[in-house]
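Observations on chain architecture
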Amino acid sequence: MMKSFLRCGSFFFFLATTPFLTAQNAADVDPMLGAGNGGNVFVGPTLPFGMAKPGPDYGDNEGNAGWEATGNLNGFSQLHVSGTGGGPKYGNILVQPMMGKANPAHSSAPRQEEHAEVGYYSVKLAGTGIHAEVTTARRTPIYRFTYPSQGQRTLLVDVGHLLMRRHDTPHRYPESQVVYSTDVQVLSPTEIAGMQASVMGWNIQTTPMKVYFYLVTDTPATESGTWEDGKSIRPGSKSASYRMPFTMKTIPEPAPIVSSGAYLTFASGERPVMVKIGLSFISIEQAKKNAKSEISGFDFAGTRKAAVEAWNQEFSTVKIDGGTPDERQQFATGLYHSMLMPVDRTGENPLWKSSMPYYDDFYCIWDTFRSSTPLLTLLHPERVTAILQSLLEIQDHEGFFLDGRSGNFSGRTQGGSDAEMMFADAFLKHLPGLDWEHVYKAMVHDADVESTDPIRFGRGDIEDWKRLGYLSIEHSDPAGGPDRPGSRSMEYAANDYAVALMAKGLGHAADAEKFMQRAENWKKLWDADAVDHTAQGDVKGFIWIRHADGRWKENFNPHLTGTWYQDNFYEASTWTYSLYIPQDVRGLIKMAGGPEVFKERLDIFFAPGLEERYRYDVGNEPGFLTPYLYNWIGQQSNSAKTIRAILPESYHTGVNGLPGNDDSGAMGSFLVFNQMGFFPVAAQDVYLIGSPTFPQTTLKLGNGKTFSVVAENTSPTNIYIQNATWNDQPYHRSWFTHDQLMAGGELRLTMGARPAHWDTGDPPPSMSDETFRK
């Protein structure tokens, strides 16, 4: 049985010195939380936003992040993603210890005593007596392999290894990875270097991604050699290579599994074999430089300690008091998952030279703009500035904003152009360091110009959007690009509102009015006659899809959901998208029939125990804001009730602790915000008050001030706010602004077991407010 350990007593002497934290730190994180049940989180060690992600690859090598609950350990590859759905990426440069002569075809072994904590992973290879441990610097993993003292000790380096190497959607966009070429050289009895180039994968990468490595051991090998097909071992050989024997257009199904690499065999001995692997996307020389500069000698303990200290520094801007051990673990792990991606590859961009930051593995912005980026804006605004600088520079080179990117290649676009949401969010929250007119020009281009490749970046079907005010069934291209006209239309409307807010803030009045009008296009897809006959009563009026001539798609179906290639909605039904109008909730309430009818609709949407999964699903991001919609109708107590029901039902400790794909930290950041007791309206400067899990949460802000949420008497039963004060003054709004938060102070909430109508102030803002456009 898999084991997960949360604390290591030997670490307390330096963890205890971390300033500001008392309730959570790296020792509270469980890297295994959410590894199973489709959560797909990365379980190995890494640094915050770190490039190197060394970790185990189990089973059939088709786990998105390498880890599987069942199956043998195949070895440790050096690059992984975390929390993703769809097809994976990476799994490059696998190392595997084994006893006896090199035999890559029979090197897998069952696991024993699997153990993970921040900055460290270890496992025993059953039947071999080998204990494998790994920690990492930013671009350089380091391993400690403790072999039995008797017998030949071998280290395999599989340069052809990748995760998910079969074609699963050959007639659409194959997400499987394919080895394009490999090179490996045994440089000396302690050194192996090489390169792997791969194509395809989740983002349908057609430009080969090259990963270079330099491996060095502290123990000289007595034997070495190479192999090219997983079987033909060539003792004494110093090099091996592979070139894909077909073109991108003629990749066979299934694509061949390429196993090529090199090995070192060491004499028997009691001392562990230390191995460090410098990684680079530039060259072997750069990989060697990384290995030598990032880790002094083979300092495993020092590297491990530095990783923990780096994470504690990231956590040092937030403090929680109280809560149960499980709640604190979930909170700390949610923070941790929010800082695994995107990946800081500054200095490792093979595409162009620049002094700007460079980030990769945006996987995807569609997932992260709603909660992950707003969380980082509060905790580490300088990091968000760097990420946005990178996004802007990528746009300068590619012509459009990306939604997803991995392996230095943009793709896929899941919905709208959600980088616009990130930039608007940062603009409204006054993040420094960006040329806002430059950003604005790029946003307008993204919103107005048809993308040359909409599955990769930008927006598709723009002419429909401008002419009809919605994306039609006919003109959404299911073969060569993104269709899903219903969900994309809803996201385009929200994206245009983000552009409008930027235009308004920068004084571009005509553009502001144009994009405000386009932000109202969602109304053109509101079918007032569409009805769902539910067990709780009829619900009337839904977002639906239309033909180019204005006709509705026949046979309204509230169950209908899609993925990439269906002419409806993406990863949610019309129930969810009919409630996704973050720019104008007030207008939505009016369209739905007024506050009372809207409340009934929300009650049905969140009704527990329903078999209709097409209703609320916390595992998909378009529904993140929906529990808070009660705040717009003066029913904050219902928001509190809904949120406090969702969290314990959907989030747990252990490997099955997440409600679905963590989506690069989106699920973790959703939990963190809700436990703190408020939630952002992404691409706006508004936060909505919920129901805090912890008696107190304190944020250390970038301007030197602190902001605290104090929840007196909060408990699993005391979930309702009875009254509120802001800096000791009575407070009656169920929301606050970013400027209020940044001014510092305290929001104090008195909690109780019964609903109370304390939220008598103005409701949260909407674009249809009379005063909004003045």
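Residues numbered from 1 in each chain as written. Predicted model: local features only at pLDDT ≥ 70, side-chain atom pairs only at ≥ 80, totals over all residues. Heavy atoms only, no water.

**Topic: the overall build of the chain**
This is how it is decided: Only DSSP runs of H or I covering at least 4 residues are called helices, and only runs of E covering at least 2 are called strands; the numbering of each starts at the N terminus. Both definitions apply: the radius of gyration is a C-alpha atom measure, and the globule rule equals 2.2 Å times residues to the power 0.38. Burial classes: relative accessible area under 20% of the type maximum marks a residue as buried, over 50% as exposed, and values in between as partly exposed (1.4 Å probe, protein chains only). Reported accessibility uses the Shrake-Rupley method at a 1.4 Å probe radius. Residues are deemed covered only where the shown protein chains occlude them. Only four residue types enter the tally: Lys and Arg on the positive side, Asp and Glu on the negative side, with His and both chain ends excluded. Charged groups are reduced to one reference atom each: NZ for lysine, CZ for arginine, CG for aspartic acid, CD for glutamic acid.
Within the chain, the secondary structure is distributed over 18 helices and 31 strands. By the compact-globule yardstick of 28 Å for 774 residues, the chain fits well, its C-alpha radius of gyration being 26 Å. In terms of overall dimensions, the chain has C-alpha extents of about 80 × 60 × 50 Å along its principal axes. Taken over 774 residues, the chain has a buried fraction of 66%. Counting only carbon and sulfur atoms, one obtains 51% of the accessible surface of the chain, whose full area is about 26100 Å². Of the side-chain charges in the chain, 67 are positive and 87 negative, and the distance between the mean point of each set is 4 Å.

**Description of the environment of Ala-262**
To be explicit about the condition: When checking whether two residues touch, look at their non-hydrogen atoms; a contact exists if any pair is within 4.5 Å.
Examined against the element boundaries, Ala-262 turns out to sit in strand S15 (residues 261-266). The sequence separation of Ala-262 and Ala-102 amounts to 160 residues, and the corresponding C-alpha distance is 9.2 Å. What Ala-262 contacts, discounting residues up to four positions off in sequence, is Leu-155, Leu-156, Val-157, Val-184, Val-186, Ile-192, Gly-225, Thr-226 and Trp-227.

**Thoughts on the pattern of salt bridges**
Definition in use: For this document, the term salt bridge refers to a Lys or Arg side-chain nitrogen within 4 Å of an Asp or Glu carboxyl oxygen.
Under the defined criterion, the tally for this structure stands at 31 salt bridges. Between Glu-314 and Arg-383 there is a salt bridge, and its shortest N-O distance comes to 4.0 Å. Of this pair, Glu-314 sits in helix H3 (residues 300-315) while Arg-383 sits in helix H7 (residues 381-398); the two residues are 69 residues apart in sequence, bridging distant segments of the chain. Note on Glu-314: relative accessible area 12%, which makes it buried. Between Arg-405 and Glu-398 there is a salt bridge; the shortest N-O distance is 2.8 Å. For the pair formed by Arg-405 and Glu-398, the shared burial category is buried. Among the charged side chains, a salt-bridge network with shared partners connects Glu-420, Asp-448, Arg-459, Asp-496, Lys-514 and Arg-518.

**A short note on the environment of Thr-206**
As for its placement among the helices and strands, Thr-206 is situated in strand S11 (residues 205-217). Between the C-alpha atom of Thr-206 and that of Phe-409, which follows or precedes it by 203 residues, the distance is 8.5 Å. If we ignore the near neighbours within four places in the chain, the residues touching Thr-206 are Val-199, Met-248 and Phe-409.

**Some details on empty space enclosed by the protein**
Put simply, the rule is: Buriedness for pockets is judged along seven lines, at least five of which must meet protein on both sides within 12 Å for an open set on the 1 Å grid over protein atoms alone, while cavities are sets there where a 1.4 Å probe fits but cannot get out, and lining residues have an atom within 4 Å of a point. Grid points are joined across faces, edges and corners, and a volume is the space filled by probe spheres set on the points. Under the scheme applied, nonpolar residues are Ala, Val, Leu, Ile, Met, Phe, Trp, Tyr, Cys and Pro; charged residues are Asp, Glu, Lys and Arg; polar residues are all the others, including Gly.
Scanning all chains against the criterion turns up six cavities of 30 Å³ or more. Computed from the structure, the largest cavity encloses a volume of approximately 130 Å³. Along its surface, the largest cavity is lined by 15 residues, and Met-341, Pro-342, Phe-362, Thr-368 and Thr-373 are the ones closest to its centre. For the lining of the largest cavity, the elements supplying multiple residues, two or more each, are helix H5 (365-368), helix H6 (372-379) and H7. Looking at which element gives the most residues to the lining of the largest cavity, the answer is H6, with three residues. Partitioning the lining of the largest cavity into residue classes produces nine nonpolar, five polar and one charged. Looking at the second largest cavity, it is lined by 13 residues, and the ones nearest its centre are Arg-370, Tyr-580, Pro-582, Leu-625 and Ala-682. Broken down by element, the residue count for the lining of the second largest cavity peaks at three residues, all from strand S24 (residues 678-681). Here the residues of the lining of the second largest cavity are counted per class, giving 11 nonpolar, no polar and two charged.

**A look at the environment of Ser-708**
Worth spelling out the cut-off: Pairs of N or O atoms are called polar contacts if they sit within 3.5 Å, as long as, within protein, a hydrogen donor faces a hydrogen acceptor (for residues adjacent in sequence, only side-chain-to-side-chain pairs).
Along the chain, Ser-708 turns up in strand S27 (residues 706-712). The spacing of Ser-708 and Gly-745 is 37 residues in sequence and 6.4 Å in space, taken between C-alpha atoms. Among residues more than four places away in sequence, those in contact with Ser-708 are Gln-696, Thr-697, Thr-698, Gly-745, Glu-746 and Leu-747. Within the structure, Ser-708 has its side chain in polar contact with the side chain of Thr-698 (distance 2.9 Å).

**Here's the deal with the packing of aromatic side chains**
Our working rule: Here is the rule: rings of Phe, Tyr and Trp (six-membered ring for Trp) pair when centre to centre is within 6.5 Å. Planes less than 30 degrees apart are stacked, more than 60 are edge-to-face, and the remainder are tilted. Ring-over charges, as used throughout, are those where CZ of Arg or NZ of Lys falls within 6 Å of the ring centre and within 35 degrees of the ring normal.
By the definition in use, this model includes 40 aromatic pairs. Both rings, one in Trp-544 and one in Phe-569, keep their centres 6.2 Å apart while their planes meet at 35 degrees; by these two values the pair is tilted. Of this pair, Trp-544 sits in the loop between strand S23 (537-543) and helix H13 (574-577) while Phe-569 sits in the loop between S23 and H13, and the two are 25 residues apart along the sequence. Pairwise contacts between aromatic rings join Phe-624, Tyr-628, Tyr-651, Phe-670, Phe-673, Phe-678, Phe-679, Tyr-687, Phe-707, Trp-726, Tyr-731 and Phe-736 into one cluster. Over the ring of Tyr-492 we find Arg-459, and its NZ or CZ is 4.9 Å from the ring centre. In this structure, Arg-546 packs its charged tip against the face of Trp-552, placed 4.2 Å from the ring centre.

**Brief notes about the side chain of Asp-461**
Tracing the sequence through the fold places Asp-461 in the loop between helix H9 (436-448) and helix H10 (462-468). In terms of polar contacts, Asp-461 uses its side chain to reach the side chain of Arg-488, at 2.5 Å.

**Thoughts on the confidence of the model for the chain**
Rules: How sure the predictor is of each residue is captured by pLDDT, a score from 0 to 100.
In this model, the chain carries a mean pLDDT of 92, and residues with pLDDT of at least 70 account for 93%. Confidence drops under a pLDDT of 50 for residues 1-23, and excluding neighbours within four residues, the segment shows 52 contacts in the predicted structure. Low pLDDT, under 50, characterises residues 167-173; the predicted model gives this stretch 20 contacts beyond four residues in sequence or across chains.

**As for the pairing of S15**
Here is the rule: Any two strands with at least two DSSP-identified bridges between them are counted as paired.
Counting buried positions over the six residues of S15 gives six, a clear majority of the element. The alternating pattern of S15 places Gly-261, Tyr-263 and Thr-265 and Ala-262, Leu-264 and Phe-266 on opposite faces, both of which are buried. In the sheet, strand S8 (residues 153-158) pairs with S15 via six bridges, with the strands oriented antiparallel. Looking at the pairing, Thr-154 lines up with Thr-265 of S15. Bridging between strand S12 (residues 223-227) and S15 involves five bridges; their strand directions are antiparallel. By the bridge assignment for S15, Thr-226 is matched with Ala-262.

**Quick look at unusual backbone geometry**
Here the bond from Tyr-363 into Cys-364 is cis, since omega is 10 degrees, no more than 30 degrees from zero. By secondary structure assignment, the location of Cys-364 is in the loop between strand S19 (359-360) and H5. For the bond running from Gly-411 to Arg-412, omega is -5 degrees, close enough to zero to count as cis. Structurally, the position occupied by Arg-412 is in the loop between strand S21 (409-410) and helix H8 (419-428). Although it is not a glycine, Phe-49 adopts a positive phi angle of roughly 60 degrees. Here Phe-49 lies in the loop between helix H1 (12-15) and strand S1 (55-58). A positive phi angle, close to 55 degrees, is found at Ile-93, a residue other than glycine. For Ile-93, the position within the fold is in the loop between strand S2 (73-77) and strand S3 (94-99). On the basis of relative accessible area, Ile-93 is assigned to the buried category, the value being 0%.

**Section: H3**
The line we're drawing: Here the expected length of a helix is defined as 1.5 Å per residue gap, with one fewer gap than residues.
For H3, spanning 16 residues, the distance from its first C-alpha to its last is 23 Å, which sits close to the expected 22 Å at 1.5 Å a residue. All buried positions along H3 are accounted for by Phe-300, Thr-303, Arg-304, Ala-307, Val-308, Trp-311, Asn-312, Glu-314 and Phe-315. Where H3 begins, the capping side chain belongs to Asp-299, and its oxygen is found 2.8 Å from the backbone nitrogen of Gly-302.

**Things to note about H9**
Look at H9: 18 Å from first C-alpha to last across 13 residues, which is about the 18 Å you get at 1.5 Å a residue. Residues of H9 that are buried include every one of Trp-436, Val-439, Tyr-440, Ala-442, Met-443, Val-444, Asp-446, Ala-447 and Asp-448, and no others. For H9, the elements touching its buried residues are H7, H8, H10, helix H11 (485-506) and helix H12 (509-519).

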